[in-house]
Amino acid sequence: MGDVISSNLDEGKREMITARTSAVMAEFGRFYEQQYAVALFNCVRFEIEGGGNVQTQLLHRKDPLKNKSIFSGGLFQYLEESKKWRSRFLYVGDSYNIGLYESKAAHDRGLQSKGVINCAGYRALTSMEEYLELLNNNLSDPKAKVASAPFLKYPTQFPLILWHPYARHHYFCVMTEKEQKKWHAVFQDCVRHSNNGLSEESKVSTPAFTDALRLYRQANGHYGTWDLMCGNQPQILANLVMETLHPELRNLIVPRLKGKLQQRQKDWMLISDAVYKQVLSQTRTEHEALVQVCEVERPRLDAALRTDMDQIITSKEHVSGKIRASVSPRVEQLVRNKVQPYIHSILEALMEPTSRGFSEVRDILFRELVEISKNSMNDGSREKLGEHMDKLSMLAFHPVKMQSCYEKMETLNLEGLQQRCDVSSPSVFIQRAQILMRQQMDDAVYTFEQLVHQSLEGNSGEDLCKTVQRCQDRVLKKYDYDSSTVRKKFFREALLQIIIPYMLKQLSPSCSTELPKFKELIFEDFSRFILVENIFEELVLQSVSKDIMMAVKEAAVQRKHNLYRDSMVLTNSDLNLHLLGENTIDWAGHLDEVKGERQRGEVANRKRKQIVSMIQLDGMPFLYESCQEVPGVDGIPEENEGEVGQDLPTEKLERSLSPVEHVPIEKEPGSPDSINQIRDLINPVLEFVHPDGKDDPQLTNGMFPLDEGDEVKHITSVVETVPRESSKKVDGELDATSSEQTLEEQQCVSAIESAIHQIEIAIQEDPSDNLNEGAIDSDGEFAQTSTSSSPHRHDDSGFQSPANENVEEVEPQPITDDEVVDTELVMLTLVEGMKTSVDLDISASEKEPEIETTADRVLL
């Protein structure tokens, strides 16, 4: 590749290219300096005198694509250097430049891109046949034989080609037709946006540049529209240079190329791309220098204009009157005979596809708003509304959703006017109308956002569905009015762009020779701001503007294509709307503060929000899929899982109750989960288990009778842990057993009282003094033991004393004055298990004052 370029672009040819570019820039610079002063005069005059524009109904936001990306994804690209197809990751940011990366990981890490494609001047193609047709028109050889081998072998059936008349061509392919359509829409949007490179906000430099370019081409015999007036100023100037330089180099270099036709075409594309890069670099440098010179002189020109504005205007009107009297008869005759008969037909050809495109914009907007209204009816939460509004905010910049609107304009046909009016192609009008469609859609969406936000702030309790519907109706009415205004302005400008070049071409041979004599009427101090060429064009424009205005007005009166008549809209006609803020609303964080704070905290680690979604292919990993996995329900342990079988620490309990063997508690119950379980902890339930024995039928109150001569050897207290039942089961049983609990509680109390009475009778055989002394001593001992024995102390659990079932039996001994009844040999066997709570503090104290009871124990 390098050999082809270096061998055909030697030092002599490169110097010739530089000289030709400098000559074009010098001539253009002369026109630019003249038109810069005129544009500054018009800007200052408009500022002083003022001018009324039709007040728009829809709001406009300045930077809609802030922190947004249009599209990104992977496809295959053909590399000229290696002659191979390679996988590439393409990223389309808010500048609409296409960045080429080795992989998605390389883009995420911020590595240098493999290249950047500025789509200004390109055409997006989806078929090899269309590409070969353009290629043959650019470089054809009638003597060459048609090759049997294809120009480029594609690995798939879905190609994507970016074609440029001078710069390098780019070849891509995808796997499916759906991907092809989406990428084609994205590429077309990139071309459309890049071609509209001149900023309308610059009131001096932009008009000066366009007028200078038009006058330069007219001086060289080129009238009418120009397809290559696309991109920024240096790109347009490079196209201006290549317009004449490219054919000369082709005639000079192509005959020297060797090989078959396809190979020569590829070699010529590489040479043409090298020449274009050299010219573009030079035009960028010289244009910056030219603009800097004019900007330095601007303060002096501005001061002169503001000082002598009245005199300059008077002098211009005097010269305009003289020129009008000289050329007016010829101009009027031309308008009457060759312009007026064709105005309505040209207007009709423009209105049909343009109105259908704007109508499609309204239909898409209406469907999206209705969808939001339905979603707010089904789910009235503000969080969901914020999600839908966040998606709606970028509707105008969604190439796939807006594609149907753009396609309506593609049907514009001006074949009958191209030769007559010197219209090269309708692409200039098509792209301009598509840009206006996108702008109107964004204005409508932005206005809807502001209205909804205002309604939510003022009426927080109103139904969201009604709020959305009311805002929807207001926005659609405003859109109808503004779309009519925008279309009428577009029709007038398009008619002027078609008719004025034709009239200038017809009048220039007879009028151009008469114009220099009017320069003598202009004062030398005002000659920078008054040019006879500009005055002549203004007179031509005024002569046909009246007829164009009448034609557009007539179409509006007849309500053709939903056009409205002009009406003045005061600035205070919608106070609430015009008082709204100009900032873009962050719907993701506005209606969900918690979610918004989390998202704002992750801005640094998050990619720019992408307007167009990716395509998921079957059997292929998703480009943005996450590697994190959420565990299933089975893998999440329960709260008390793994705690079964763990015994409570009992060392302290065994040290304090070494003479008495206790039954260890197997596990500690978990935290209570319901109110009933908490109540069971506060009021534990006890169950008395009837012991096995042969004499059981004699008992009617649950107590063992003492025969004559028998005495109580020991009383054993057995603590048994009752398995906890589920709260639902306990709640169900409580209702069924509520009537039985009262009777069982009474029986339990009476049984305990009878047992105490029997013990008292048996002990009365001993001296009462020793018994009282033993009772007092045992009370102090058991009070200390009981307090430290239970790991969980409950207010009602007075029967949780330890037990010793292996105490040796001894013969009954009479109690003397020196002996005290051993409390360890007097034990009562009570087993916890019955679901009823018993409090014996009051009953026991009423039966015997010598027996002292507390809430934590029963002392006998």
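For the structure, see preceding data.
Residues numbered from 1 in each chain as written. Predicted model: local features only at pLDDT ≥ 70, side-chain atom pairs only at ≥ 80, totals over all residues. Heavy atoms only, no water.

Caption draft 1: Region of interest: the overall build of the protein chain. Each helix and strand in the protein chain was counted, giving 24 helices and nine strands. The 860 residues of the protein chain split such that 43% are buried. In the protein chain, once contacts between residues fewer than 6 apart in sequence are set aside, the share between residues at least 24 apart is 79%. Surface accessibility of the protein chain: about 47600 Å² in total, with carbon and sulfur atoms responsible for 50%. (Helix = DSSP H or I, 4+ residues; strand = E, 2+ residues; numbered from the N terminus. Buried < 20%, exposed > 50% of the residue type's maximum accessible area, 1.4 Å probe, protein only. Contact = heavy atoms within 4.5 Å. Areas by Shrake-Rupley, 256 points an atom, 1.4 Å probe, with all protein chains shown as cover.)

Caption draft 2: A look at the packing of aromatic side chains. Taken as a whole and assessed by the stated rule, the structure comprises 13 aromatic pairs. Between Phe28 and Phe209 the ring centres are 5.4 Å apart and the planes differ by 65 degrees, which places this aromatic pair in the edge-to-face class. On the criterion of sequence distance, the pair formed by Phe28 in helix α2 (residues 11–49) and Phe209 in helix α6 (residues 205–219) is long-range, its members being 181 residues apart. Here Phe209 falls in the buried class, since its relative accessible area comes to 1%. Connected via pairs of aromatic rings, a cluster forms that spans Tyr78, Trp85, Tyr131, Tyr154 and Tyr171. The ring of Phe31 is capped by Arg30, whose NZ or CZ atom sits 4.5 Å from the centre of that ring. Stacked on the ring of Tyr406, the Lys or Arg Arg192 has its end atom at 3.9 Å from the ring centre. (Phe/Tyr/Trp six-rings, centres within 6.5 Å; stacked < 30°, edge-to-face > 60°. Lys NZ or Arg CZ within 6 Å of the ring centre and 35° of its normal.)

Caption draft 3: Summary view of the nonpolar core. Counting 162 residues, the largest nonpolar core has Ile98, Phe448 and Met503 as the members making the most contacts within it. The greatest single-element share of this core, amounting to 19 residues, is contributed by helix α15 (residues 464–511). If we skip the residues at most four places from it in the chain, Met503 touches Val331, Leu334, Val335, Val339, Val540, Ser543 and Val544. Counting 15 residues, the second largest nonpolar core, distinct from the first, contains Met128, Leu134, Tyr154 and Trp163. (Core = buried A, V, L, I, M, F, W, Y, C linked by side-chain atoms within 4.5 Å.)

Caption draft 4: Highlighting the packing of helix α9 (residues 309–338) against helix α16 (residues 532–557). Between α9 and α16, whose axes approach to 9 Å, the crossing angle comes to 50 degrees. Considering their axes alone, α9 and α16 lie oblique with respect to each other. For the pair α9 and α16, the crossing hand works out as right-handed. Here Lys316, Val319, Ser320, Ile323, Arg324, Val327, Val331 and Val335 of α9 come into contact with α16, specifically with Val532, Ile535, Phe536, Glu538, Leu539, Gln542, Ser543 and Asp547. In terms of residue class, the contact of α9 with α16 is made up of nine nonpolar, three polar and four charged. (Axes fitted to C-alpha atoms, helices over the stretch in contact; angles between N-to-C directions. Parallel < 35°, antiparallel > 145°, perpendicular 65-115°, else oblique. Left-handed = near helix turned anticlockwise from the far one by under 90°. Nonpolar A, V, L, I, M, F, W, Y, C, P; charged D, E, K, R; others polar.)

Caption draft 5: The sheet that holds strand β8 (residues 170–174), seen in detail. The seven strands are arranged β5-β4-β3-β2-β8-β7-β6 in an open sheet whose pairing can be described as antiparallel. Strands with a single pairing partner mark the edges of an open sheet, and in this sheet they are β5 (115–117) and β6 (123–125). Ignoring which end each strand starts from, the neighbouring axes of this sheet average 35 degrees apart. Where strand β2 (residues 71–79) meets β8, two bridges bridge the pair, whose relative direction is antiparallel. From the neighbouring strand, Phe76 faces β8, where its bridge partner is Cys173. On top of the sheet, helix α4 (residues 128–138) reaches β6, β7 (158–163) and β8; it is set at about 140 degrees to β6, its chief contact. (Pairing = 2+ DSSP bridges.)

Caption draft 6: Broad picture of the pairing of strand β4 (residues 98–101). Burial along β4 is two-sided: Ile98 and Leu100 facing one way and Gly99 and Tyr101 facing the other are all buried. One ladder, built from four bridges, connects strand β3 (residues 84–92) with β4; its direction is antiparallel. Across the sheet, Leu90 pairs through a bridge with Leu100, a residue of β4. Counted between consecutive antiparallel strands, the loop separating β3 from β4 contains five residues, among which Tyr96 sits at a positive phi close to 65 degrees. As judged from the three bridges shared by β4 and β5, these two strands associate in the antiparallel manner. Looking across to β5, one finds that Ile98 is bridged to Ile117.

Caption draft 7: Summary view of the pairing of β2. With seven of nine residues buried, β2 lies mostly within the body of the structure. Where β2 and β3 come together, nine bridges link them in antiparallel fashion. What sits directly across from Gly74, in β3, is Phe89. Taking the residues between adjacent antiparallel strands as the criterion, β2 and β3 are bridged by four residues, where Lys83 takes a positive phi near 60 degrees.

Caption draft 8: Looking closely at helix α8 (residues 261–307). Taking 1.5 Å per residue as the helical rise, α8 with its 47 residues ought to reach 69 Å, and the 65 Å between its terminal C-alpha atoms agrees with that figure. The axis of α8 is deflected most strongly, by about 40 degrees, at Arg298, and proline Pro299 appears within four residues downstream. (Expected span 1.5 Å × (residues − 1). Bend = angle between axes of the 7 residues up to and from the residue.)

Caption draft 9: Fine view of the environment of Asn136. Relative to the helices and strands, Asn136 resides in helix α4. Residue Asn136 is classed as partly exposed on the basis of its relative accessible area of 34%.

Caption draft 10: Quick peek at the pattern of salt bridges. Counted by the stated rule, this structure contains 29 salt bridges. Close ionic contact of Glu130 with Arg123 constitutes a salt bridge, the shortest N to O distance being 3.7 Å. Among the residues examined, Glu130 registers a relative accessible area of 31% and is labelled partly exposed. Here Glu352 ties to Arg356 by a salt bridge, and the two come within 3.3 Å at their closest N and O atoms. Here the residue Glu352 and the residue Arg356 both occupy positions in helix α10 (residues 340–378), the gap between them amounting to four residues, near one helical turn. For Glu352, a relative accessible area of 34% gives the class partly exposed. Arg356 sits in the partly exposed class, given a relative accessible area of 33%. Salt bridges here are not isolated pairs; linked through shared partners, they connect Glu47, Asp302 and Arg306. (Salt bridge = Lys/Arg side-chain N within 4 Å of Asp/Glu carboxyl O.)

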